[in-house]
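Here is how the chains run, residue by residue.
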Amino acid sequence: MKSRPLVMSESNLQPDLYQPASSVLELRGVSCAYDVGRPAVSDIAFAAHEGEILCLLGPSGCGKTTILRAIAGFEPIVSGQIFLSGQLVSSPDHMIPTEDRHVGMVFQEYALFPHLRVQENIAFGLRRLSRSQRKMRVQDMLRLVGLEGFERRYPHELSGGQQQRVALARALVQHPVLLLLDEPFSNLDPDMAGRMRQELHDLLRRTKTTTILVTHDHDEAFAMADRIAVLNQGRLEQFDTPETIYHMPATPFVADFVGQADFIPGTVSSGMVRTELGEFPDTLDCEDGTSVVVMIRPDDIHLVPTRAATSHVLSRQFRGSENIYAVSLPSGQIVHSSQGSTSVYQEGTPVELRVLATHTVLFKQPVAGPT
């Protein structure tokens with residue numbers, strides 16, 4: 001006998017929304033194109049507020065780096081407008097040079113000058129200041145990023161994490177109105193990347209630096225961002241808090257990209273969606289007989305070994321703190337379940353599935369689940 005899914009109140013998981021102070025960056029209907037008639041990004045609109053960390057998230061080729069380059073002034077736009085601190089900096093017939101936009105940039109390769117010492121790399125953009133002012137500003141930055149004592153080293157004498165700190169210090173020393181980060185952790189090993197994410201997050205919070213971070217890693221985006229812009233094939237699919245994007249994705253693409261998701265077909269009847277996993281509320285107000293799919297996350301499904309159950313464990317992936325199970329339903333549909341690391345079930349184990357869904361997310365268009 002199938003258990004009825006327990007659907008918890010959505011209000012229980014609503015995050016405290018980020019309260020903006022003022023817009024530092026605003027994009028209004030921005031499009032960029034490398035080839036005539038083939039836009040790289042189309043009609044992008046969002047704003048970043050003072051002190052906010054905003055993430056551009058999406059797969060390779062989705063246009064996130066193009067948007068970053070347009071904000072920096074490296075790419076012209078073919079339509080729309082870009083504003084920095086209320087000033088128009090880009091439009092089809094107006095473009096303020098990069099050096100006049102007061103933005104700081106940290107590239108994927110860090111772009112440190114190999115022939116300059118750490119202190120000289122950090123001070124590179126401060127030539128307008130006196131020697132004593134430069135020295136004071138550099139020392140402040142070295143303390144801020146935890147590199148005191150490293151000022152006379154060359155980049156090749158530093159670890160990857162230390163090189164990244166130098167690049168950050170060089171960007172922040174000029175007090176930019178906006179910091180742009182392009183895949184800053186991609187050259188670091190996973191453990192170092194995790195530590196650097198936390199250190200960078202703390203640093204940006206302490207300095208109250210408005211930041212745009214480009215990444216393809218949803219875990220990185222969730223850990224860093226106040227809000228996330230999810231991009232797909234040059235278009236903005238959703239712009240919201242990490243919690244909302246994970247629990248209430250706007251499209252099937254977003255649902256699948258920001259975490260493992262299964263899509264269960266169902267039919268609407270009397271205000272409910274009837275599926276192989278039980279009944280769910282019809283949150284789309286569809287007519288009876290409408291075919292929909294219900295998005296289910298692995299953490300929504302709890303497994304109970306039951307000898308008479310008609311669903312079976314297909315495989316188990318051990319991930320340290322959890323096990324991810326692939327389970328075959330009687331119809332042949334495959335769903336996934338996240339269980340604690342000590343919950344170990346063998347392949348073929350009959351299991352009953354109990355669904356504790358925090359949100360009911362429906363899509364009208366049938367979609368193929370992840371492979």
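The structure this text deals with has already been given above.
Nothing here was measured: the structure is a model prediction, and the numbers come from that model.

A.B. asks: Sorry if this is basic, but what is going on with the overall build of the protein here?
C.D. replies: The number of helices and strands found in the protein is eight helices and 22 strands. When its C-alpha atoms are laid out on the principal axes, the protein stretches across 80 × 50 × 35 Å. The burial tally for the protein puts 49% of its 371 residues in the buried class. Put simply, 65% of the contacts in the protein that link residues at least 6 apart link residues at least 24 apart. For the protein, the exposed area adds up to about 18,100 Å²; of that, 49% sits on carbon and sulfur atoms. Each charge class in the protein can be summarised by its mean position, and for the 33 positive and 43 negative side chains these summaries are 8 Å apart.

A.B. asks: What is the right way to read the layout of surface pockets from this model?
C.D. replies: Once rolled over the atoms, a probe with the size of a water molecule shows which space is left empty. Taken as a whole, the largest pocket spans an internal volume of roughly 460 Å³. Lining the largest pocket are 16 residues, with Val103, Gly104, Met105, Arg170 and Gln174 sitting closest to its centre. Contributing elements (two or more residues each) for the lining of the largest pocket: strand S8 (103-106) and helix H4 (160-172). For the lining of the largest pocket, the element with the highest residue contribution is S8, accounting for three residues. Split into classes, the residues belonging to the lining of the largest pocket amount to seven nonpolar, six polar and three charged.

A.B. asks: I would appreciate a short explanation of the sheet that holds strand S14 (residues 272-275) in the present structure.
C.D. replies: Sheet strands pair via backbone hydrogen bonds, and the direction of the pair is either parallel or antiparallel. Judged by pairing direction, the sheet is antiparallel, and its five strands sit side by side in the order S15-S14-S13-S16-S22 without closing on themselves. In this open sheet, the two edge strands, each paired with only one partner strand, are strand S15 (278-281) and strand S22 (361-363). Taken pair by pair, the neighbouring strands of this sheet meet at an average axis angle of 40°, ignoring direction. Strand direction decides the pairing type here: strand S13 (residues 262-269) and S14, joined by four bridges, are antiparallel. Counterpart to Gly266 in the pairing with S14 is Thr275.

A.B. asks: Sorry if this is basic, but what is going on with the pattern of salt bridges here?
C.D. replies: Side-chain pairing between opposite charges can occur once the charged atoms of the two side chains come close. Under the definition given, this model contains nine salt bridges. Between Glu199 and Arg165 there is a salt bridge, with the nearest N and O atoms lying 3.0 Å from each other. Pair noted here: Glu199 is in helix H5 (residues 190-207) and Arg165 is in helix H4, with a separation of 34 residues, a long-range link. We note a salt bridge from Arg205 to Asp226, for which the minimum N-O separation is 2.6 Å. Of the two residues, Arg205 is situated in helix H5 and Asp226 in the loop between helix H6 (218-224) and strand S11 (227-232); the sequence distance between them amounts to 21 residues.

A.B. asks: Whenever I open this one, the sheet that holds strand S4 (residues 53-57) confuses me. Can you help?
C.D. replies: Pairing within the open sheet is mixed, and its six strands lie in the order S8-S9-S10-S4-S11-S12. The open sheet is flanked by S8 and strand S12 (235-240), the only strands paired with a single partner. Taking each pair of neighbouring strands and ignoring which way they run, the sheet shows an average axis angle of 15°. Docked against the sheet, helix H1 (residues 64-72) engages S4, S8, strand S9 (178-182), strand S10 (211-215) and S11, running at close to 150° with respect to S9. Across the sheet, H4 lies against S8 and S9, angled at about 170° from S8, the strand it touches most.

Rules of the game
Residues numbered from 1 in each chain as written. Predicted model: local features only at pLDDT ≥ 70, side-chain atom pairs only at ≥ 80, totals over all residues. Heavy atoms only, no water. Helix = DSSP H or I, 4+ residues; strand = E, 2+ residues; numbered from the N terminus. Buried < 20%, exposed > 50% of the residue type's maximum accessible area, 1.4 Å probe, protein only. Contact = heavy atoms within 4.5 Å. Areas by Shrake-Rupley, 256 points an atom, 1.4 Å probe, with all protein chains shown as cover. Lys, Arg positive; Asp, Glu negative; His and termini not counted. Charge placed at Lys NZ, Arg CZ, Asp CG, Glu CD. 1 Å grid on protein atoms, 1.4 Å probe; cavity = no way out; pocket = protein on both sides within 12 Å on 5 of 7 lines; lining within 4 Å. Points joined across faces, edges and corners; volume = space filled by probe spheres on them. Nonpolar A, V, L, I, M, F, W, Y, C, P; charged D, E, K, R; others polar. Pairing = 2+ DSSP bridges. Axes fitted to C-alpha atoms, helices over the stretch in contact; angles between N-to-C directions. Salt bridge = Lys/Arg side-chain N within 4 Å of Asp/Glu carboxyl O.

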